[in-house]
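Structure assessment
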Amino acid sequence: MQASSTPCYLTSTPPSGKPYPIATYVSNSKVSNTHAKYLVAVTEGHEPHSFSEAIQYSKWRDAMNDELTTLEQNHTWVFTTLAIDKRDIECKWVYLIKYISNGDIERYKARMVVLDNKQLAGTDFT
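From a predicted model like this one, the values you see are computed outputs, not experimental measurements.

1. Thoughts on the overall build of the chain
- Counting secondary structure elements, the chain contains four helices and two strands.
- Taken from N to C terminus, the helices and strands of the chain fall in the order α-α-α-α-β-β.
- In the chain, buried positions account for 14% of the 126 residues.
- For the chain, the proportion of contacts with a sequence separation of at least 24, taken over those separated by at least 6, is 50%.

2. Digging into the environment of Leu 82
- Assignment of secondary structure puts Leu 82 in the loop between α4 (58-73) and β1 (91-99).
- Residues contacting Leu 82, with those up to four places away along its chain left out, are Arg 87 and Asp 88.

3. Quick look at the side chain of Glu 67
- By secondary structure assignment, the location of Glu 67 is in helix α4.
- Using a relative accessible area of 9% as the deciding quantity, one classes Glu 67 as buried.
- Every residue in contact with Glu 67, bar those within four places of it in the chain, is listed here: Trp 93, Ala 110, Arg 111 and Met 112.

4. Here we look at the packing of aromatic side chains
- Applying the stated rule across the entire model yields two aromatic pairs.
- Pairing Trp 60 with Tyr 95 gives two aromatic rings, centres 5.5 Å apart and planes at 75°, and the pair type is edge-to-face. Within this pair, whereas Trp 60 is found in helix α4, its partner Tyr 95 is found in strand β1, the two being separated by 35 residues in sequence.
- You can call Tyr 95 buried: its relative accessible area is 5%.
- Where Trp 60 meets Tyr 108, the ring centres are 5.0 Å apart and the plane angle is 80°; that geometry is what we call edge-to-face. Pair noted here: Trp 60 is in helix α4 and Tyr 108 is in strand β2 (residues 105-114), with a separation of 48 residues, a long-range link.
- Taking relative accessible area as the criterion, Trp 60 reaches 2% and is therefore assigned buried.
- The structure contains a cluster of three or more aromatic residues connected by ring pairs, namely Trp 60, Tyr 95 and Tyr 108.

5. Comments concerning the pairing of β2
- As paired strands, β1 and β2 are joined by nine bridges and run antiparallel to one another. Looking at β2, one finds that Leu 96 is bridged to Lys 109.
- With antiparallel pairing between neighbouring strands as the criterion, β1 and β2 make up a hairpin whose turn holds five residues, including Gly 103 at a positive phi of roughly 100°.

Here is what the cut-offs are and how they apply
Residues numbered from 1 in each chain as written. Predicted model: local features only at pLDDT ≥ 70, side-chain atom pairs only at ≥ 80, totals over all residues. Heavy atoms only, no water. Helix = DSSP H or I, 4+ residues; strand = E, 2+ residues; numbered from the N terminus. Buried < 20%, exposed > 50% of the residue type's maximum accessible area, 1.4 Å probe, protein only. Contact = heavy atoms within 4.5 Å. Phe/Tyr/Trp six-rings, centres within 6.5 Å; stacked < 30°, edge-to-face > 60°. Pairing = 2+ DSSP bridges.

By themselves, these are just geometric observations and shouldn't be taken as functional.
Structural data, given as structure tokens:
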């Protein structure tokens, strides 16, 4: 019987119980304690992927309210009735946690962005 050239961890579960033990490939032995703390903080924070997910948390609701207030203060838009021959411009929320260099959270940021893939030049913008 011939030995397989495929490593055992690709064909069966290794002793660690994980199919691809990351410790085999990645080491944090040369990472400073400060940077390690930052990495832990960044990977623990959860940024929502949808409005329905974000609206459940007060920190994200506050961030969205701040964004809307800023857009209104900057006179970014004017509410008006849409002409019959025009389409509304769709938008979505993008959520981001901003960190300080030591890994602490600076703020929760919500940004309203336009879905430009559905706009037509000359019709939706000039």
